[in-house]
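# Secondary and tertiary structure notes
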Amino acid sequence: MTAVFTSRFNPGSAEATQRRTALQARLHALRALEERAAAASARSLPQFDKRGQLLPRQRVALLLDAGAPWLPLCTLAGYLQDVKDPEQSVPGGGMIAGIGFVSGVRCMVVASDSGIEAGAIQPMGLEKILRVQEIALQNRLPFIHLVESAGANLMRYRVEGFVHGGTLFRNLARLSAAGIPVITVQHGSGTAGGAYMPGLSDVVIMVQGRSRAFLAGPPLLKAATGEIATEEELGGAEMHTAVSGLGEYLAQDDREAIGLARDVVAQLGWGVAPRPRAPGPTLPADDLLSLMSADLRQPVDMREVMARLVDGSELLEFKARYGMATVCAQGHIQGHAVGFISNNGPIDVAGANKATHFIQWMCQLGHPIIYLQNTTGYMVGKDSEQGGMIKHGSKMIQAVTNATVPQITIQCGASFGAGNYGMCGRGYAPRFLFSWPGAKTAVMGGEQAARTMQIVTEAALARKGITPDPTESQAQFDKIVAVFEAQADAFYTSGLLLDDGVIDPRDTRAVLAFCLDTCAEAQARTLRPLSFGVARM
């Protein structure tokens, strides 16, 4: 029966205190990285003031409903991918993105961070906008794009970026054809490919004296054809709203443009009544800071995590006595009925079968599934292999892949090996995936990898009659551990867009509730798809 979970966790223990201190340090580092991007953009304030413009974050704040929830996405995109120095890398990919409310409508909002390198498109910034476009498409969210971009940085030109960049424009057409409004506010320049951002939008708002959209700007036009023309003649706001028809609305400044965007959204008629509030957990969210050890080999009862996320801390555990290392349970988050799958150890044959059964049960009920990852992977060894671990693990992966309900993943601790796959990792397209600051993702643990290579190397040397040098062997071991540990780190993997953001564990319930609301609204929303996206006339 459903029962209030009885916690055995002691948050006052010395071990819990040590874990809390370590995680708080990680959270401090996370906020410092996010602030680094905002500070880098804010350094352009004098230039923006001189031009009578708002900074990108000011535009987003003005667009969003005051006091309404805002879920930022992919804030660490590009971390350590621009430069390798952790003290110099600026995360964010030159984009601000998230889900928030505009005139009472839940929307996907994307803004070029033109305070950094004039909004030039960065490689991971491209990946970021592609990801949030996919989220908008899956969850039927109006897509609002605040554009001011210098386009690609030609000094760092890569042909694959040019080719892959076409997906951005394809996605705009897919959104429009699906019946999802695409609204662009052209705050500044959109050159070459960037001109297709307004061109593939349903509604375009331009700013007098600032908006520019042309396939070839004056320098390229002169170089290619010898023709001389001004920016306004080629692609100014007044020309596009009065002559070419690229823009629907002409605003005098950024503030008026944002106000027009809010008016356009208000006319969609897509507002949704708020859900009634549900009782919170009886156990404190603050405990989530100290439940997970930095040493992910230390066992954790993941029911303790679930109980701090669900309404009233009430859980109905599924097959509690079978496959006990895999935990499946039902509960509610802000009134949403959900199923949880998590790990109290490696996934064995019984655990894989249990999870497969539970996934099918949740699909039959229509309940979203939440994966709380803390797995070292599938069980290995002679008994497991003979017991059919491969086929039973594959059966679980089949269920995850083909589940018919929204799936949301939180990487709480370890996400190693094929356990990452079976627990709905990034490759299995969960609706949303977030990481806790101490989470680690890898094909295996660093020491496991190093020990495996050590055994292989020593065996190869032995076949040649060579005695391994202990110093060289240890150096190789340490090097492999360092490589694996650096790449497993949650900040590094988030920089590669392997999640949708790193979150404070204490915010997990609020983030899940927001995502579940988003999924529920998408299911309830009736779209009017077209054979093609809205064509500009």
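Notes on the structure in this doc start here. (Residues numbered from 1 in each chain as written. Predicted model: local features only at pLDDT ≥ 70, side-chain atom pairs only at ≥ 80, totals over all residues. Heavy atoms only, no water.)

What follows is about the packing of helix 17 (residues 446-463) against helix 18 (residues 470-488). Where helix 17 meets helix 18, the axes come as close as 8 Å, and the angle between the chain directions of the two elements is 145 degrees. In the packing of helix 17 onto helix 18, the handedness of the crossing is right-handed. Along the contact surface, helix 17 presents G446, E447, A449, A450, R451, M453, Q454, T457 and E458, while helix 18 presents S473, Q476, F477, I480, V481, F484 and E485. Taken together, the residues that form the contact of helix 17 with helix 18 break down as seven nonpolar, five polar and four charged. (Axes fitted to C-alpha atoms, helices over the stretch in contact; angles between N-to-C directions. Helix = DSSP H or I, 4+ residues; strand = E, 2+ residues; numbered from the N terminus. Left-handed = near helix turned anticlockwise from the far one by under 90°. Contact = heavy atoms within 4.5 Å. Nonpolar A, V, L, I, M, F, W, Y, C, P; charged D, E, K, R; others polar.)

Side chains of Y157, V159, F162 and V163 sit close together on the surface and give an oily, nonpolar patch of about 460 Å² of accessible area. In this structure, V163 sits in helix 5 (residues 159-164). By relative accessible area, which is 57% here, V163 ends up exposed. (Patch = residues over 30% accessible without salt bridge, like charges linked within 9 Å, V, L, I, M, F, W, Y side chains within 5 Å. Areas by Shrake-Rupley, 256 points an atom, 1.4 Å probe, with all protein chains shown as cover. Salt bridge = Lys/Arg side-chain N within 4 Å of Asp/Glu carboxyl O. Buried < 20%, exposed > 50% of the residue type's maximum accessible area, 1.4 Å probe, protein only.)

The subject of this paragraph is the environment of S290. With respect to the element layout, S290 can be found in the loop between helix 11 (254-266) and helix 12 (303-307). Between the alpha carbons of S290 and G12 there is a distance of 9.6 Å; along the sequence they are 278 residues apart. With residues near it in sequence (within four places) discarded, S290 still touches F9, A16, R19 and R20. Within the local environment of S290, its side chain forms a polar contact with the side chain of R20, the two groups lying 3.3 Å apart. (Polar contact = N/O pair within 3.5 Å; in protein donor to acceptor, adjacent residues only side chain to side chain.)

A few words on the nonpolar core. Ranked by internal contacts, the top residues of the largest apolar core, which has 90 residues, are M108, F143 and L372. Each residue touching F143, except ones within four places of it in the same chain, is listed here: M108, V110, I129, V132, Q133, A136, L172, L175, I180, P181, V182 and I183. Counting residues in each nonpolar core, the second largest holds 21 residues, with M362, I369, V400 and A403 among its members. (Core = buried A, V, L, I, M, F, W, Y, C linked by side-chain atoms within 4.5 Å.)

The next point concerns the pattern of salt bridges. One pass over the full model with this rule turns up 26 salt bridges. Residues E231 and R212 are paired through a salt bridge, measuring 3.0 Å at the closest nitrogen-oxygen approach. Residue E231 is located in helix 9 (residues 231-235), and its partner R212 is located in strand 9 (residues 212-214); the two are separated by 19 residues in the primary sequence. By relative accessible area, which is 15% here, R212 ends up buried.

So far we have only geometry, and geometry alone does not tell us how the molecule works.
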